[in-house]
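A closer look at the structure
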Amino acid sequence: AQSVTQLGSHVSVSEGALVLLRCNYSSSVPPYLFWYVQYPNQGLQLLLKYTSAATLVKGINDFEAEFKKSETSFHLTKPSAHMSDAAEYFCAARKGGSEKLVFGKGTKLTVNP
Amino acid sequence: NAGVTQTPKFRVLKTGQSMTLLCAQDMNHEYMYWYRQDPGMGLRLIHYSVGEGTTAKGEVPDGYNVSRLKKQNFLLGLESAAPSQTSVYFCAIGTFQETQYFGPGTRLLVL
């Protein structure tokens, strides 16, 4: 069964520092991949998605993610963290032909001044 | 969260009580989903629907029932609430192979 692993349930960075949130998927066939962000007491919002068109995907708020088939990874990065980036981030995967998403357990990002 | 509304926003139940959560959409998407979110567990799929009149079980369906009588509405029912069903419930909508859009959530506390 498809599974998604997010390394690190909590990540803390300083404002202006690089943000790196890790996501690995388990599938012999590359799935569709997504990153969602959840701000406190809100629903999930789509940051970006990979659908095989390009391996480097750019999303909102300067986030981007790179699909690496050899590493079965889809890590999320942002060059310079902002205080407003503090939130919980979820990686999700959907196998081709499936209507269901499988979510990782989430990574909570803290941005220190 | 535009286009997806959830009712109620917050509810407290006693063990054994029943309730229904409503998800409504105005985006005409075929697919609708109910998830629960618990700390450290991510989001887990309870039930979903691929169209009006259809429903299917997800990862954690026990203790819940659903109905999709109208395309724009997806109801999640708890017949006899248990403390283990204390959670935040999210509805999502989507189309085949495309992005899922999430509602604002319903916080449920079962005492």
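Residues numbered from 1 in each chain as written. Chains lettered and ligands numbered in written order. Predicted model: local features only at pLDDT ≥ 70, side-chain atom pairs only at ≥ 80, totals over all residues. Heavy atoms only, no water.

Right, let's talk about the sheet that holds strand E8 (residues 73-78) of chain B for a bit. Residue and element names in this part refer to chain B. On the basis of which strands lie adjacent, the open sheet formed by four strands has the order E1-E3-E8-E7 and antiparallel pairing. Because the sheet does not close on itself, it has two edges, and the strands there are strand E1 (4-7) and strand E7 (65-67). Strand after strand, the sheet turns through a mean of 20 degrees between neighbouring axes, direction not considered. Two strands pair when backbone bridges link them, and E7 and E8 are joined in this way by three bridges, in the antiparallel orientation. (Pairing = 2+ DSSP bridges. Helix = DSSP H or I, 4+ residues; strand = E, 2+ residues; numbered from the N terminus. Axes fitted to C-alpha atoms, helices over the stretch in contact; angles between N-to-C directions.)

Core analysis: the largest hydrophobic core is formed by 27 residues, its most contacted members being Trp35, Leu47, Leu48, Phe74, Leu76 and Tyr89 of chain A. Taken together, the elements giving at least two residues each to this core come down to strand E2 (10-14), strand E3 (19-26), strand E4 (32-38), strand E5 (44-50), strand E7 (64-68), strand E8 (73-78), strand E9 (87-94) and strand E11 (107-112) of chain A. For Leu47 of chain A, the contacting residues outside a window of four places in its chain are Trp35, Tyr36, Val37, Gly59, Ile60, Phe63, Leu76 and Tyr89 of chain A. Within the second largest apolar cluster, 20 residues are counted, among which are Phe74, Leu78, Tyr89 and Leu108 of chain B. (Core = buried A, V, L, I, M, F, W, Y, C linked by side-chain atoms within 4.5 Å. Buried < 20%, exposed > 50% of the residue type's maximum accessible area, 1.4 Å probe, protein only. Contact = heavy atoms within 4.5 Å.)

Moving on, we come to the environment of Ser98 of chain A. Residue and element names in this part refer to chain A. Note that Ser98 resides in the loop between E9 and strand E10 (102-103). On the basis of relative accessibility, which here comes to 18%, the residue Ser98 falls in the buried class. Separated by 67 residues in the primary sequence, Ser98 and Pro31 have C-alpha atoms spaced 9.7 Å apart.

Residue and element names in this part refer to chain A. What the rule picks out here adds up to two disulfides over all chains. Note that Cys23 is cross-linked by a disulfide to Cys91, the S-S spacing being 2.0 Å. The chirality of the disulfide connecting Cys23 with Cys91 is left-handed, given an S-S dihedral of about -65 degrees. In this pair, Cys23 is assigned in strand E3 and Cys91 in strand E9, connecting sequence segments 68 residues apart. Exposure remark for Cys23: the relative accessible area of 0% places this residue in the buried category. (Disulfide = S-S within 2.5 Å.)

The next thing to look at is the sheet that holds E7 of chain A. All names here are of chain A. The strand order across the open sheet built from five strands is E1-E3-E8-E7-E6, with neighbouring strands paired in antiparallel fashion. Across the chains shown, the open sheet's two edge strands, defined by having one partner strand only, are strand E1 (3-7) and strand E6 (56-58). Strand-to-strand twist in this sheet, taken as the mean axis angle between neighbours without regard to direction, amounts to 20 degrees. Relative to E3, E1 is paired through five bridges, and the arrangement is antiparallel. By the bridge assignment for E3, Leu7 is matched with Arg22.

A separate point is the interface of chain B and chain A. Listed as interface residues are 22 residues of chain B and, on the opposing side, 23 residues of chain A. Along the contact surface separating chain B from chain A lie zero salt bridges. Along the contact surface separating chain B from chain A lie five residue pairs in polar contact (both at pLDDT 80 or more). Of all elements in the fold, only strand E4 (31-38) and strand E5 (42-49) of chain B reach the threshold of two or more residues within the side of chain B that touches chain A. Here the residues of the side of chain B that touches chain A sort into twelve nonpolar, eight polar and two charged. (Salt bridge = Lys/Arg side-chain N within 4 Å of Asp/Glu carboxyl O. Polar contact = N/O pair within 3.5 Å; in protein donor to acceptor, adjacent residues only side chain to side chain. Nonpolar A, V, L, I, M, F, W, Y, C, P; charged D, E, K, R; others polar.)

On their own, these measurements won't tell you what the molecule is for.
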